[in-house]
Amino acid sequence: MQTDYSKPDWERIAHLFKLGIISSLLALIGGDMLLGWGTADMSLTGMARYFSRYSAVSDTRIFWAATLGMIGIAIETLCFFGVYRVIAARSDKYAHAFRAGLIGMMLFGPFCHVMCCAVIYHHNAVTGIDPDIAIDEALQFAKLFLLPVTVIFFIFFMIMNIVQITAFAKGKTPYPRWCAVFTMLTGIIDIVILKAVGNHAWACALSTGWLSFGSMITFSGLLLNIPQRKG
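Overview of the structure. (Residues numbered from 1 in each chain as written. Predicted model: local features only at pLDDT ≥ 70, side-chain atom pairs only at ≥ 80, totals over all residues. Heavy atoms only, no water.)

### Observations regarding the overall build of the protein chain
Moving on, step 1. Looking only at helices and strands, the protein chain has nine helices and zero strands in total.
Moving on, step 2. Ordered by position from N to C terminus, the α and β elements of the protein chain give α-α-α-α-α-α-α-α-α.
Moving on, step 3. Against the 2.2 N^0.38 benchmark of 17 Å for 231 residues, the protein chain shows a C-alpha radius of gyration of 19 Å, consistent with a compact globule.
Moving on, step 4. In terms of overall dimensions, the protein chain has a C-alpha envelope of 60 × 35 × 25 Å along the principal axes.
Moving on, step 5. The proportion of buried residues among the 231 residues of the protein chain is 45%.
Moving on, step 6. Put simply, of all contacts in the protein chain between residues at least 6 apart along the chain, 78% involve residues at least 24 apart.
Moving on, step 7. When the accessible surface of the protein chain is totalled, it reaches about 11,500 Å², and 68% of it is carbon and sulfur. (Helix = DSSP H or I, 4+ residues; strand = E, 2+ residues; numbered from the N terminus. Rg over C-alpha atoms; globule rule 2.2 N^0.38 Å. Buried < 20%, exposed > 50% of the residue type's maximum accessible area, 1.4 Å probe, protein only. Contact = heavy atoms within 4.5 Å. Areas by Shrake-Rupley, 256 points an atom, 1.4 Å probe, with all protein chains shown as cover.)

This is how it looks when you write it as structure tokens:
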């Protein structure tokens, strides 16, 4: 039996958005901020400065950041099926394209996060053995294991967000067109602002979680602007 999405179940959609906010916070705080809380050594340059942010991150922190982030991102991504239902109410074409991007996000998003944590672990482990080769080893590890999944993830990420923005902007949802602003790409604002704040542990931690921040803004904005229970 095929589900009829032309009449949105706003109660269920609202539930998905609320759960999305909670899971985004879990991914942001438990996954990204737990890993990214630290300051960079400004006397260094390039990748040495970047990795210095994580020099004090313990194996325990990396484990919990990987685990909580993986769980949070998985649930967070599933909650975007609320957005799928909204698009499907007006356009099968855009809904199918959005779903394709979403499925890719579900498959590669949590894995990408775990591999990011693995790169930090590898760098810190090698630093304890031979600091002179730690950066090169971490970059080689990232090239072999993180880069492939990141590229695939980014393709699906862009498909999902471009389709969502286009669908909302063209009036292919029950929402006002201006609600096209509520996408994960809003997380870029988080990076821009926090980079301007400077080298503070809390700012570095928040900027690490720009994707989950974008998700939280998306779910919050769409939840607050749900149409008056009409398709």
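Okay, back to it.
### Brief notes about the packing of aromatic side chains
Moving on, step 1. Summed over the entire model, instances satisfying the criterion amount to 14 aromatic pairs.
Moving on, step 2. Ring geometry for Trp 10 against Tyr 175: centres 6.0 Å apart, planes inclined by 75°, an arrangement best described as edge-to-face. On the criterion of sequence distance, the pair formed by Trp 10 in helix α1 (residues 10-36) and Tyr 175 in the loop between α6 (131-169) and α7 (187-197) is long-range, its members being 165 residues apart. Across this residue pair, the class does not change: Trp 10 and Tyr 175 are buried. (Phe/Tyr/Trp six-rings, centres within 6.5 Å; stacked < 30°, edge-to-face > 60°.)

### As for the nonpolar core
Moving on, step 1. Ranked by size, the top nonpolar core spans 35 residues in total, and within it Phe 17, Phe 98, Phe 168 and Tyr 175 carry the most contacts.
Moving on, step 2. Among the secondary structure elements, those contributing two or more residues to this core are α1, α4 (81-88), α5 (92-127), α6 and α9 (210-224).
Moving on, step 3. A per-element tally of this core places α1 first, with seven residues.
Moving on, step 4. Apart from residues lying up to four places away in sequence, Phe 168 is in contact with Val 83, Val 86, Ile 87, Thr 173, Tyr 175, Arg 177, Cys 179, Ala 180 and Leu 222.
Moving on, step 5. Ranked by size, the runner-up nonpolar core spans 17 residues in total, among them Leu 35, Val 57, Val 119 and Val 149. (Core = buried A, V, L, I, M, F, W, Y, C linked by side-chain atoms within 4.5 Å.)

### Observations regarding the environment of Val 149
Moving on, step 1. Mapped onto the elements, Val 149 comes out in helix α6.
Moving on, step 2. Relative accessible area serves as the criterion here: at 4%, Val 149 is assigned to the buried category.
Moving on, step 3. The sequence separation of Val 149 and Arg 49 amounts to 100 residues, and the corresponding C-alpha distance is 24 Å.
Moving on, step 4. Those residues in contact with Val 149, other than ones at most four positions away along the chain, are Phe 108, Phe 111, Cys 112 and Met 115.

### Quick notes on a nonpolar patch on the surface
Moving on, step 1. Taken together, the side chains of Trp 37, Ile 189, Ile 193, Val 197 and Trp 202 present a nonpolar region at the surface, about 500 Å² in accessible area.
Moving on, step 2. For the nonpolar patch, the element with the highest residue contribution is α7, accounting for three residues.
Moving on, step 3. Here Ile 189 shows up in helix α7. (Patch = residues over 30% accessible without salt bridge, like charges linked within 9 Å, V, L, I, M, F, W, Y side chains within 5 Å. Salt bridge = Lys/Arg side-chain N within 4 Å of Asp/Glu carboxyl O.)

### Focus on helix α3 (residues 59-78)
Moving on, step 1. Between its first and last C-alpha, α3 extends 29 Å over 20 residues, near the 28 Å set by a 1.5 Å rise per residue.
Moving on, step 2. Taken residue by residue, α3 has Ile 62, Ala 65, Ala 66, Gly 69, Gly 72, Ile 73, Glu 76 and Thr 77 as its buried positions. The buried side chains of α3 occupy one side of the element, clustering within an arc of 155° when seen end-on.
Moving on, step 3. Turning to α3, the residues buried within the fold contact α1, α4, α5 and α9. (Expected span 1.5 Å × (residues − 1). Arc of directions from axis to C-beta.)

### Things to note about α7
Moving on, step 1. Along α7, the positions that sit buried rather than exposed are Gly 187, Asp 190 and Leu 194. One side of α7 carries all its buried residues, which in axial view fall inside an arc of 35°. Among the exposed residues of α7, those oriented more than 90 degrees off its buried face are Val 192, Ile 193, Lys 195 and Ala 196.
Moving on, step 2. Immediately downstream of α7, the backbone of Gly 198 shows phi near 115°, a positive value.

All we've got here are geometric facts, nothing functional implied.
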